[in-house]
Protein chains: 2
Amino acid sequence: MTDISAILRGEIRAGARLMRDIDDRRPAAMDALKALFPHTGRAYITGITGNPGAGKSTVVDAMIAYYRAAGERVGVVCVDPTSPFSGGAILGDRIRMQRHALDNDVFIRSLATRGYLGGLSRSTFDVVAVLDAMGYTRILVETVGVGQDEVDVMKAAHTTVVVTVPGLGDDIQAIKAGLLEIADVLVVNKSDREGADRTERDLLHMLDLRAHGERKEVEIVRTVATRGTAEGSGIAQLGAAIEAHRQRVWQGPAAESRAINRRSAHLAELLRALVSDRVEQALARRGGLADVAAAVEARKEDPWSAAEEILRQLPT
Amino acid sequence: MTDISAILRGEIRAGARLMRDIDDRRPAAMDALKALFPHTGRAYITGITGNPGAGKSTVVDAMIAYYRAAGERVGVVCVDPTSPFSGGAILGDRIRMQRHALDNDVFIRSLATRGYLGGLSRSTFDVVAVLDAMGYTRILVETVGVGQDEVDVMKAAHTTVVVTVPGLGDDIQAIKAGLLEIADVLVVNKSDREGADRTERDLLHMLDLRAHGERKEVEIVRTVATRGTAEGSGIAQLGAAIEAHRQRVWQGPAAESRAINRRSAHLAELLRALVSDRVEQALARRGGLADVAAAVEARKEDPWSAAEEILRQLPT
């Protein structure tokens, strides 16, 4: 049994155990999440994604320091679809964890694929809910890469920050078009490098190009983030830009429809994940996909009838 | 009702009508496919994919002429995930269709996304089954782009041909790594261009690099394809390379396990598509995803219980 009250008291070990259960797809995790739901909805979730090499993790590290200095409790979810390991073993996490090891008000959790398809976004939503229930009012969701997985993961965020740097190639396409579309705030990190003006100009130009009709308001912030300190130039401005987006969108007239969109994304991911678990189970009862395929190849049944039969056996 | 015997007689209009039903996801299409299944399994399916600009459609056009000269009936499925239009309106299809308009033994069909996710590969398998039942013994599946969709579509093929050209950039990565992994035959088209030797050397090098343990046997063929004729240098060699792959793999000891793998891919796509139709229906009964999300946002239920409830209502 999950110790719900321990999680609500913010006890690290209880929270970490539930996150492990989420990772392992234990049924107990679903029950715990249901019990925690009434205690969620207080956290503000910021997603941070962008080009590899743009210094995302340094920006996140500086943001942790920034929000800690403001007295907030900070939860961090670091998502790496390319890694098979969950639980905090990836990238700069260990370094960061060491730095914040004595700080009970920072909780850093890594998420990776466990071989299941498209499950990362679901896990992100679920882990964010746990952090929220634990009382982390400021949650940062960071991605390592920039693929479709990462774009999906960003659906969990209230504000999406896309980080880029000058000199990623002359090509304006250095920042992927898909990323630009989800950006609420754009960061030009390492902006003391040559070419920062041009990068900012290019970004503005791309935003204009992509504007079909009304142009989305996207603030561009320059940072020179330094690991572990909010003193890094521009981090306070980044914090202010996120706050401005929060007020504009999440306290504005469109807040309700935005909230429904965000929840729809969560439900869609959840449905996809649950239904694919059930299909797996139904297939297992028939000896697995390869056995069904072998029966079809032996012309014992046709593929369409076989698929329909499996769906009739779907566990409820 | 679908006219099964007309399809089995190879009547174009009956076949085209069924393909439209497949596109439109009509239940009648499933019934027709079940009825046709005993009459499938005779066709040999070759997939053609590769870099945009590599001249894929010219290669396919020359292959049509090559197989027609050998007296085979040729079905072509042209898959374009970026187009919302199915049915033959895309790209060079109209040109090709005109050329082959009087030839009843060539059937060209375009497939595009109709907004559904991951359904293209399912449609490809289904349309290929119709062409197979219609008596097209040689089926060419051509993709327009080179994304994950196209890689999935290639699962329908017995032999996958990946087309590239010299001078797509100095970068050896010009041919995407994912494509190289699925290639059974590699084509260096426009090989009269400068750099063909280097491209071939690079491809060999990449094949060696990617070989973990035993290297897959991949023949490299040089072509200078010319639209509408098999006289184009290299097309006969390409035909021979495809035939060699067929004999090596599909008439060799691994044929059965390969056939089961291919069928597993078909079943997996089918299950994914059917289950997502059912989830849509279950959601519609609850007023759609946004209504469920609104109920969750109003805290009337939690997302996990809502998702489970929807799955309990899944139509069988």
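Keep in mind the model is a prediction, meaning the values are calculated, not measured.

K.L.:
What is the right way to look at helix α12 (residues 289–297) of chain B in this model?
P.N.:
Residues separated by three or four positions in an α-helix point in the same direction, a consequence of the helix having 3.6 residues per turn. Every buried residue belonging to α12(B) is among B:L289, B:V292, B:A293 and B:V296, and all of these are buried. Buried residues along α12(B) cover an arc of 100° about the axis, so they all sit on one side. Against the buried residues of α12(B) lie α11 (255–285) of chain A together with α11 (255–285) and α13 (303–312) of chain B. Of the residues trailing α12(B), B:R299 is marked for its positive phi of about 65°.

K.L.:
I'm lost on the confidence of the model for chain A in this one. Help?
P.N.:
Reading fine detail from the predicted coordinates is not recommended where pLDDT is low. All names here are of chain A. Looking at chain A as a whole, the pLDDT averages 86, with 86% of positions reaching at least 70. Below a pLDDT of 50 lies the segment residues 88–92, which in the model reaches 17 contacts outside its immediate sequence neighbourhood of four places, other chains included. Model confidence for the complex is summarised by a pTM of 0.78, with the ipTM given as 0.87.

K.L.:
Just checking my understanding: could you explain the relation of the copies chain B and chain A for this structure?
P.N.:
Applying a rotation about an axis and a shift along it to one chain copy brings it onto the other copy. Superposing chain B onto chain A takes a rotation of 180° combined with a translation of 0.1 Å along the rotation axis, leaving an RMSD of 0.1 Å. The transformation just described matches what one would write down for a two-fold rotation axis. No C-alpha of chain B lies nearer the rotation axis than that of B:V275, which sits 3.8 Å from it. Take the interface residues of chain B: 100% of them recur as interface residues in chain A, which is what a same-surface contact looks like.

K.L.:
Is there a simple way to think about α11(A) in this case?
P.N.:
Helix length check: α11(A) (31 residues) gives 45 Å between terminal C-alpha atoms against 45 Å at 1.5 Å per residue, within 8%. Positive backbone phi, approximately 90°, marks A:G287, located one or two places after α11(A).

K.L.:
I tried to follow the domain arrangement of chain A on my own but got confused; where do I start?
P.N.:
When the parts of a complex come together, some accessible area is lost, and that lost area is often taken as the interface size. All names here are of chain A. Each assigned domain of chain A is listed here: domain 1 (41–251) and domain 2 (255–316). Facing 9 residues of domain 1, the contacting portion of domain 2 comprises 9 residues. Going through the elements one at a time, α6 (119–133) and α10 (235–250) are the ones with two or more residues in the side of domain 1 that touches domain 2. Sort the elements by how many residues they give to the side of domain 1 that touches domain 2 and α6 lands first, with 4 residues. Residue composition of the side of domain 1 that touches domain 2, grouped by class: 3 nonpolar, 4 polar and 2 charged.

K.L.:
Explain the interface of chain B and chain A here, please?
P.N.:
With 35 residues of chain B at the contact, the number on the chain A side is 36 residues. Per element, the largest residue contribution to the side of chain B that touches chain A is 13 residues, and it comes from α11(B). For the side of chain B that touches chain A, the residue count by class is 25 nonpolar, 4 polar and 6 charged.

K.L.:
Help me understand the environment of A:T58, please; the structure alone is not making it clear to me.
P.N.:
All names here are of chain A. Relative to the helices and strands, T58 is located in helix α4 (residues 56–69). Judged by the 20 C-beta atoms lying within 10 Å of it, T58 is buried. Considering only alpha carbons, one finds T58 and N189, 131 residues apart in sequence, at a separation of 9.6 Å. Setting aside residues no more than four positions away along its own chain, T58 makes contact with A225 and R227.

K.L.:
How should the sheet that holds strand β1 (residues 44–50) of chain B be read in this particular structure?
P.N.:
Adjacent strands of a sheet pair through backbone hydrogen bonds, lying either parallel or antiparallel. All names here are of chain B. If you trace the 7 strands from one edge of the open sheet to the other, you get β3-β2-β4-β1-β5-β6-β7, paired in parallel fashion. Of all the strands in the sheet, just β3 (106–112) and β7 (219–222) have a single pairing partner and so form its edges. When the angles between neighbouring strand axes are averaged without regard to direction, this sheet yields 20°. Bridge count for strand β5 (residues 159–164) against strand β6 (residues 185–188) is 4 bridges, and the pairing is parallel. Residue V162 lies in a different strand from β6, and its bridge partner there is L186. Against the sheet, helix α4 (residues 56–69) engages β1, β2 (74–80), β3, β4 (138–143), β5 and β6, with an angle of about 175° to β4.

K.L.:
Would you mind showing me how to read the packing of α4(B) against helix α10 (residues 235–250) of chain B here?
P.N.:
Helix packing for two helices is described by the angle between their axes and how far apart those axes are. All names here are of chain B. As a packed pair, α4 and α10 sit with axes 10 Å apart at the nearest point and diverge in direction by 75°. Accordingly, the angle class assigned to the pair α4 and α10 is roughly perpendicular. Of the residues in α10, those touching α4 at A62, M63 and Y66 are I235, A236 and G239. For the contact of α4 with α10, the per-class residue count stands at 5 nonpolar, 1 polar and no charged.

Rules and cut-offs
- Residues numbered from 1 in each chain as written.
- Chains lettered and ligands numbered in written order.
- Predicted model: local features only at pLDDT ≥ 70, side-chain atom pairs only at ≥ 80, totals over all residues.
- Buried ≥ 20, exposed ≤ 12 C-beta atoms within 10 Å, placed from the backbone.
- Helix = DSSP H or I, 4+ residues; strand = E, 2+ residues; numbered from the N terminus.
- Arc of directions from axis to C-beta.
- Contact = placed C-beta atoms within 7 Å.
- pLDDT = per-residue confidence, 0-100.
- Least-squares fit on C-alpha atoms with pLDDT ≥ 70 in both.
- Expected span 1.5 Å × (residues − 1).
- Domains from an automatic or database assignment.
- Nonpolar A, V, L, I, M, F, W, Y, C, P; charged D, E, K, R; others polar.
- Pairing = 2+ DSSP bridges.
- Axes fitted to C-alpha atoms, helices over the stretch in contact; angles between N-to-C directions.
- Parallel < 35°, antiparallel > 145°, perpendicular 65-115°, else oblique.

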